Amino acid sequence: MTDAADFVNDTPDSVADAPDSVADAPDFVADVPASGADVPASGADAADFVAADAPDFVTETRVFYDAVAEEYAVRFGDLRPGTPLDRGVLHGFAQLVGAGGEVADLGCGPGRVTAYLASQGLSVFGLDVSESMLAIARRENPGLRFVWGSMQEPDLPDGSLDGVVSWYSIIHTPEEHLPALFAVFHRVLRPGGHLLLGFQCGDEPRRYEEAFGHQVSLTFRRRRPERIAALLSDAGFTVRATTVREPDEARGEPVAQASLVARKPGE
């Protein structure tokens, strides 16, 4: 999640020296394309299920974040999401959804954005593909609900949510999979519901082969806001706001950070 600049630093093959702020970590992703209705009850069974049924990028994402979850929690502590500007975006999204609105934080990681949105009056739950990240989310936020499941095909009825958040959770999804993912976001929202995305700006993906001393691999994909806006429009959304802030060098952010708020037409 982060308020995310970059979880990774400028070293081309390691994230062992990740920045000191939670704002510099991308949010943890839930990118498994199987139905949440079919998810096994136990974490171990869930992992086997993902490995057997998910495309390579999903399995790689799960393995990566399962491996680094505890180190992440220690490194980034219990900092609130991002900078004041990032919190302003999250607060504005909460205001658009309205108090008591039902929201899913898809790719919730350790649940810090989930908790922040709950503090803004939303009825929010988190979903993630990493059982290790979910264990931290539940430990740190015992009053909130966190479920293992699929971001690509969540076990949610059509039109059941007032809001969807994917805060630095699309950054491990290859671009060719984004149209289907955005169609899922559109499906689960009620008419008039809002979507919030956060991501790092840029064009070139970055590949890492080690994190916090673990030999795990993952690709971090930066995005162009105009490209994401076009894909959201193709999925049936109306883009309401695009925010790009400059990197905060004091927090180790190497690139600009973007967020988009979009609305499903309707009421």
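Just so it is clear, the model here is predicted, and its values are computed rather than measured.

A.B. asks: How would you summarise the overall build of the chain if you had to cite specific residues and measurements?
C.D. replies: Looking only at helices and strands, the chain features 7 helices and 9 strands. By the burial criterion, 58% of the 267 residues in the chain qualify as buried. Put simply, 72% of the contacts in the chain that link residues at least 6 apart link residues at least 24 apart. Split by element, the accessible area of the chain, about 10,000 Å² in all, is 49% carbon and sulfur.

A.B. asks: I'd like to hear about the packing of helix α3 (residues 84-97) against helix α4 (residues 112-119), residue by residue, with values.
C.D. replies: One way to put it is that α3 packs onto α4 with a least axis distance of 10 Å and a crossing angle of 55 degrees. Comparing their axes, α4 and α3 come out oblique. Crossing of α3 over α4 shows right-handed handedness. Packed against α3, whose contacting residues are R87, L90, H91 and F93, the element α4 presents V113, Y116 and L117 at the interface. Within the contact of α3 with α4, the residues separate by chemical class into 5 nonpolar, 1 polar and 1 charged.

A.B. asks: A description of the pairing of strand β1 (residues 102-106) should follow, citing residues and the corresponding values.
C.D. replies: The element β1 is extensively covered by neighbouring structure, given that 4 of its 5 residues are classed as buried. Inspection of the sheet shows β1 paired to strand β2 (residues 123-128) by 5 bridges, in the parallel sense. Looking across to β2, one finds that D105 is bridged to G126. For the segment spanning β1, α4 and β2, crossover handedness is right-handed.

A.B. asks: Give me the lowdown on the nonpolar core, citing residues and values where you can.
C.D. replies: With 43 residues, the main nonpolar core has I170, F182, F185, L197, I228 and L232 as its most contacted residues. Those residues in contact with L197 that lie beyond four places of it in its chain are S166, W167, I170, F182, F185, I228, L232, A258, S259 and L260. F93, Y116, Y168 and L196 belong to the second largest nonpolar core, which has 16 residues in total.

A.B. asks: Just give me the short version of the packing of helix α6 (residues 178-188) against helix α7 (residues 225-234), but keep the residues and values in it.
C.D. replies: At a minimum axis distance of 9 Å, the contact between α6 and α7 shows a crossing angle of 55 degrees. On the basis of the axis angle, α6 is oblique to α7. Classified by chirality, the crossing of α7 by α6 is right-handed. Residues L178, P179 and F182 of α6 touch α7, and the partners they reach there are I228, L231 and L232.

A.B. asks: Could you give me a rundown of the side chain of T61, with the residues and numbers involved?
C.D. replies: Of note, T61 is situated in helix α2 (residues 56-76). Judged by relative accessible area, which is 1%, T61 ranks as buried. Here F57 takes part through its backbone oxygen, which lies 2.7 Å from a polar atom of the side chain of T61.

A.B. asks: Quick one: what's the story with the pattern of salt bridges, residue by residue and with numbers?
C.D. replies: Within the structure shown, the criterion is met by 13 salt bridges. Put simply, R245 and D86 hold a salt bridge, and the shortest N to O gap is 3.0 Å. On the criterion of sequence distance, the pair formed by R245 in strand β8 (residues 238-245) and D86 in helix α3 is long-range, its members being 159 residues apart. D86 matches R245 in its accessibility class, with the two residues each being buried. Between E209 and R207 there is a salt bridge, with its nearest N and O atoms 3.2 Å apart. Classification of E209 as partly exposed rests on a relative accessible area of 38%.

A.B. asks: So, unusual backbone geometry: which residues are in play, and what are the values?
C.D. replies: Although it is not a glycine, Y168 sits at a positive phi angle of roughly 60 degrees. As for its placement among the helices and strands, Y168 is situated in the loop between β4 (161-167) and α6. A residue is classified by how much of its surface remains accessible, and Y168, at 1% relative accessible area, is buried.

Calculation notes
Residues numbered from 1 in each chain as written. Predicted model: local features only at pLDDT ≥ 70, side-chain atom pairs only at ≥ 80, totals over all residues. Heavy atoms only, no water. Helix = DSSP H or I, 4+ residues; strand = E, 2+ residues; numbered from the N terminus. Buried < 20%, exposed > 50% of the residue type's maximum accessible area, 1.4 Å probe, protein only. Contact = heavy atoms within 4.5 Å. Areas by Shrake-Rupley, 256 points an atom, 1.4 Å probe, with all protein chains shown as cover. Axes fitted to C-alpha atoms, helices over the stretch in contact; angles between N-to-C directions. Parallel < 35°, antiparallel > 145°, perpendicular 65-115°, else oblique. Left-handed = near helix turned anticlockwise from the far one by under 90°. Nonpolar A, V, L, I, M, F, W, Y, C, P; charged D, E, K, R; others polar. Pairing = 2+ DSSP bridges. Right-handed = clockwise from strand over helix to strand, strands pointing away. Core = buried A, V, L, I, M, F, W, Y, C linked by side-chain atoms within 4.5 Å. Polar contact = N/O pair within 3.5 Å; in protein donor to acceptor, adjacent residues only side chain to side chain. Salt bridge = Lys/Arg side-chain N within 4 Å of Asp/Glu carboxyl O.

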